[in-house]
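Structural description and commentary
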Amino acid sequence: MPGFELFGSQEKAQVQDVLDNGVLMRYGFDGMRNGHWKAKELEKALAARMQTKYAQLVSSGTSALTVALVSAGVGAGDEVIMPTFTFVATFESILAVGAIPILVDIDDTLTLDPDAVKKAITSKTKVVMPVHMCGSMANMGALKTICEENQLLLLEDACQAIGGSYNGKPLGSIGDMGCFSFDYVKTITCGEGGAIITNTETYYKNADHYSDHGHDHVGNDRGAETHPFLGYNFRISELNAAVGCAQINRLDEFIALQEKHYTILRKALSDIPEITFRRVPDGGVENYSFLNFFLPTEELTQKVHKALGESQIDACFYWFDNNWHYYRKWGHLFQQKSLGRLPKDVLEGIPDYTQEDFSKSDHWMGRSISCLVKLGWTEKEVHERAAKMAGIIRQIVNP
Ligand SMILES: *Cc1c(COP(=O)(O)O)cnc(C)c1O
C-alpha cells in the first residue's frame, strides 16, 4: 500500500518548486509564489481523477472526516452509524463535533453490514459512515438505498481504498461526500494530509471556509475577508501538497503494481480449500492494498498468524487481537476516558458498549487475516512469499 516506498525524483522536484520561492502556505502571497499553487493543483487533479466536481485538501484524513461532518451540519447529539472494524479516527472525528458514534456489526465484506445499519437507525441518526477497510468496499448500493429512504447523509471513508471502484465509480465519489488520507502509510502520501471530495457545492464551500477559520476566500486581501460562520484551522501546507502533486500522478501505476502482487499471492492461496476470501460486493473493484482471507476457525487463524510472523512473512495482521482497529481494543471509548469533560449530549447519548453484542463481527474478524501488499517487492520476491505462505498455511490446516 504505501506510497512512501516509491518516493523519488518527481516528489523532490515538486517540493523543490515550493522551496525555491519560499511560500509554504496554500493561501495568499500571490506575488512571491511564481505561479506555484500546489494545494490548488492537487485539488484539481484529485477531483479529476475521482470524477467529482469538488475536492478540498486538509491536514489529515482525520480532519477530513471532521470537516466533512461539520460541512453537512452534523453537530451535538446527532448519531453517526459506523462499523466495529475501522481506524480510531472514525469515532474521534464523530466525537470532535459533539456527535455520537453508533457502532454496528460488519459482515464478510469486513465493512458495514447493511442490515445492521437499518436496525440501528433512530430519530437522531444523521449519517451513515462506511469505512472501506483494507482496500475493499462496503455494499454501497444497499447503503445508498437505506440513506435515501431515511434521508441520511452517506459519508465514505475511503482512506484505505483510494483507487478502488464500485459500479465503475471511484470509491469516495459514491456517497454525498468521501474522505481520503495522505498520511505516510497510505497508498499515496503527502507526508501528512487528507481530502474531502463531493459533488455538492454547499458542502464544498463549507469545507473550504471551515478548514481555514471560516474565511470566505473572496477577493485577494486575506485580512479583509469575512467569516460567515465559525471555523477552525485544518489547512495543509504547500510542502505537503507538493509531495501529493507527484504522488497523484502515480496512483494508477501504484494500483497496477498492487494488483499484480495481490494476484500472485491470491492465486497461491486459492488452491487451499480451507481458505475463503473476503467478499467484494458485486460491481466492486478493490485497490489491492491488502489480501484478506478467512480460515475455518479462530484457533487455526491464530496459529497461521503466529506461524507467518515466525517465518518472517511481515505485515500480516490479525486485527481481532493485535491491533487497535477493532472494537475489542476501544476501552478508552467505551469508558469515555477523555482529558476534559465530554459534551453532555455525548455522555447522555452514548450506548453502554461494554454490554453490546458484536458476536456477528467477531464471527468474521476472529477468522480473518489481512496481508499488506507492498509496492517495493520484486516479482521474484512475491512468488517466493506466495509459495512460503501457502506452505505454512497448508501445514497448519492439514497437519
Ligand atoms: C489512516 C486512516 C484515517 C486517518 O487518516 P490520518 O491522515 O492518519 O489522520 C481514517 N480512516 C481510515 C480508515 C484510515 O486508514
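Some words on the sheet that holds strand β3 (residues 100-104)
The sheet built from seven strands is open, its strands ordered β1-β9-β8-β5-β4-β2-β3 with mixed pairing. Looking at the sheet topology across the chains shown, the edges are occupied by β1 (54-58) and β3. The mean angle between the axes of side-by-side strands here comes to 25°, regardless of whether they run parallel or antiparallel. Relative to strand β4 (residues 125-128), strand β2 (residues 79-83) runs parallel, the two being bridged by three bridges. Following the sheet pairing, Ile81 is matched in β4 by Val128. Set on the sheet, helix α7 (residues 201-210) makes contact with β1, β5 (153-157), β8 (177-181) and β9 (194-198); between it and β1 the angle comes to about 20°.

Notes on the packing of aromatic side chains
The relation between two aromatic rings is expressed through the spacing of the ring centres and the mutual angle of the planes. According to the stated counting rule, one finds 17 aromatic pairs in the structure shown. Ring centres of Tyr318 and Phe320 lie 5.9 Å apart, and the angle between their planes is 55°; on these two criteria the pair is classed as tilted. Among the aromatic residues, ring-to-ring pairing joins Tyr318, Phe320, Tyr326, Tyr327, Phe334, Tyr353 and Phe358 into one connected group. Lying over the aromatic face of Phe320, Arg328 brings its terminal NZ or CZ to 3.7 Å of the ring centre.

Comments concerning the nonpolar core
Formed by 123 residues in total, the largest nonpolar core has its most connected members in Leu269 and Phe293. Residues contacting Phe293, with those up to four places away along its chain left out, are Leu269, Ile275, Thr276, Phe277, Arg278, Arg367, Ser368, Ile369, Cys371, Met389 and Ile393.

Concerning a nonpolar patch on the surface
A surface patch of nonpolar side chains, amounting to about 280 Å² of accessible area, comprises Phe4, Tyr184 and Val185. You can see Tyr184 is positioned in the loop between β8 and β9.

Quick word on unusual backbone geometry
Phi is positive for Phe29, which is not a glycine, with a value near 55°. By the secondary structure assignment, Phe29 is in the loop between α1 (9-21) and α2 (38-50). Exposure remark for Phe29: the relative accessible area of 47% places this residue in the partly exposed category. Phi at Gln336 takes a positive value of approximately 50°, unusual for a residue other than glycine. Looking at where Gln336 falls in the secondary structure, it is placed in the loop between α12 (331-334) and α13 (344-349).

Some details on the site of the ligand
Near the ligand, the surroundings consist of 14 residues, among which Gly61, Thr62, Ser181, Asp183 and Lys186 are the closest. In this structure, an oxygen atom belonging to the ligand sits 2.9 Å away from a side-chain N or O atom of Gln160. Notes on the ligand: free accessible area 380 Å², of which the protein chains cover 93%. Its residues assigned to classes, the shell around the ligand shows five nonpolar, six polar and three charged.

Some words on helix α15 (residues 379-397)
Relative to the 27 Å expected for 19 residues at 1.5 Å per residue, α15 spans 27 Å between its end C-alpha atoms, a close match to the ideal helical length. Those residues of α15 lying buried are Val382, Arg385, Ala386, Met389, Ala390, Ile392, Ile393, Ile396 and Val397. Within α15, the buried residues cover an arc of 165° as seen down the axis, which keeps them to one side. Of the exposed residues in α15, the ones pointing more than 90 degrees away from its buried face are Lys380, Ala387 and Gln395. Buried-residue contacts for α15 involve α9 (251-270), β12 (290-294), α10 (298-310), β13 (316-317) and β14 (368-372).

About the cut-offs
- Residues numbered from 1 in each chain as written.
- Predicted model: local features only at pLDDT ≥ 70, side-chain atom pairs only at ≥ 80, totals over all residues.
- Heavy atoms only, no water.
- Pairing = 2+ DSSP bridges.
- Helix = DSSP H or I, 4+ residues; strand = E, 2+ residues; numbered from the N terminus.
- Axes fitted to C-alpha atoms, helices over the stretch in contact; angles between N-to-C directions.
- Contact = heavy atoms within 4.5 Å.
- Phe/Tyr/Trp six-rings, centres within 6.5 Å; stacked < 30°, edge-to-face > 60°.
- Lys NZ or Arg CZ within 6 Å of the ring centre and 35° of its normal.
- Core = buried A, V, L, I, M, F, W, Y, C linked by side-chain atoms within 4.5 Å.
- Buried < 20%, exposed > 50% of the residue type's maximum accessible area, 1.4 Å probe, protein only.
- Patch = residues over 30% accessible without salt bridge, like charges linked within 9 Å, V, L, I, M, F, W, Y side chains within 5 Å.
- Areas by Shrake-Rupley, 256 points an atom, 1.4 Å probe, with all protein chains shown as cover.
- Salt bridge = Lys/Arg side-chain N within 4 Å of Asp/Glu carboxyl O.
- Near = heavy atom within 4 Å.
- Polar contact = N/O pair within 3.5 Å; in protein donor to acceptor, adjacent residues only side chain to side chain.
- Nonpolar A, V, L, I, M, F, W, Y, C, P; charged D, E, K, R; others polar.
- Expected span 1.5 Å × (residues − 1).
- Arc of directions from axis to C-beta.

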